[in-house]
Amino acid sequence: MSAVLEAFPGAQRALFRRYHIGGCSQCGFQPTETLAQVCERNGQLPVDEVLAHIRSSHEQDAKLLIEPKELGEWRKQDPAVRLVDVRSREEFEAVNIAGSQLLSQDVMRQILGDGSNTRPLVIVDHQGKTGLDAAAYFIGHGLQHVRCLRGGIDAWAQEVEPTMRRYKLGQA
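Residues numbered from 1 in each chain as written. Predicted model: local features only at pLDDT ≥ 70, side-chain atom pairs only at ≥ 80, totals over all residues. Heavy atoms only, no water.

Another point: the pairing of strand S4 (residues 121–124). Side chains of S4 alternate between two faces, with Leu121 and Ile123 and Val122 and Val124 buried alike. Both strand S2 (residues 82–85) and S4 contribute to a ladder of 4 bridges, which runs parallel. Directly across from valine 84, in S4, lies its bridge partner isoleucine 123. (Buried < 20%, exposed > 50% of the residue type's maximum accessible area, 1.4 Å probe, protein only. Helix = DSSP H or I, 4+ residues; strand = E, 2+ residues; numbered from the N terminus. Pairing = 2+ DSSP bridges.)

Put into structure tokens, the structure is as follows:
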């Protein structure tokens, strides 16, 4: 599974969405397992079908990504673009994109309760690895104008705002 997740970073989200695999300890999988082993253990799922779903989900994820420079231009043209940062409070307080909001329960309620669903929403994370999960959550709750910053705030710092401080997260 580690090779599948490396090739398709959203594979776990895709497996959970369609097959309820990988979302909790009871339906999880080990990085050392193969996709065939996971499929066999979960009701003899057809490996080709599961892999096709993972690939399709990967293509859909790619459509949600917005390039840092594209977002910079978009923000100049449309000040209504909402940036929601899903990093930790400490990361957000250390460095953030001007005008972004740290995701909290209040911010989430505000976004979901807006009702208009016309204000664009861009999810920001550290390096573009967890933002798609948040984007999927908001899309799953009916929002249609959701994007995710490709490469996260790290790419933003490199490509749009080079004076912004960068940081690396420690490995767990």
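We are not done yet, so read on.
An order of S1-S5-S4-S2-S3 is seen for the 5 strands of this open sheet, with the pairing classed as parallel. With partners counted over all chains shown, the strands left at the sheet margins are strand S1 (65–66) and strand S3 (101–102), one partner each. The pairing of S2 with S3 spans 2 bridges and is parallel. Of the residues in S3, the one forming a bridge with aspartate 85 is leucine 102.

Another aspect to go through is the packing of helix H5 (residues 68–77) against helix H9 (residues 152–159). Two elements in contact, H5 and H9, have axes separated by 9 Å at closest approach and are oriented at 80°. The angle between H5 and H9 falls in the class roughly perpendicular. Across the interface between the two elements, Pro68, Lys69, Leu71, Gly72 and Arg75 of H5 pack against Ala155, Trp156 and Glu159 of H9. Grouping the constituent residues of the contact of H5 with H9 by class yields 4 nonpolar, 1 polar and 3 charged. (Axes fitted to C-alpha atoms, helices over the stretch in contact; angles between N-to-C directions. Parallel < 35°, antiparallel > 145°, perpendicular 65-115°, else oblique. Contact = heavy atoms within 4.5 Å. Nonpolar A, V, L, I, M, F, W, Y, C, P; charged D, E, K, R; others polar.)

Along the chain, glutamate 91 turns up in helix H6 (residues 89–94). The side chain of glutamate 91 sits in the buried core without any salt bridge; arginine 87 is the nearest counter-charge, 4.7 Å away. (Lys, Arg positive; Asp, Glu negative; His and termini not counted. Salt bridge = Lys/Arg side-chain N within 4 Å of Asp/Glu carboxyl O.)

Among the residues of helix H7 (residues 105–113), those classed as buried are Val107, Met108 and Ile111. The buried residues of H7 occupy an angular sector of 100° when the element is viewed end-on, so they sit on one face. Facing away from the buried side of H7 by more than 90 degrees, the exposed set consists of Gln105, Asp106, Arg109 and Gly113. Of the surrounding secondary structure, the elements contacted by the buried residues of H7 are S2, S3, S4 and helix H8 (131–140). (Arc of directions from axis to C-beta.)

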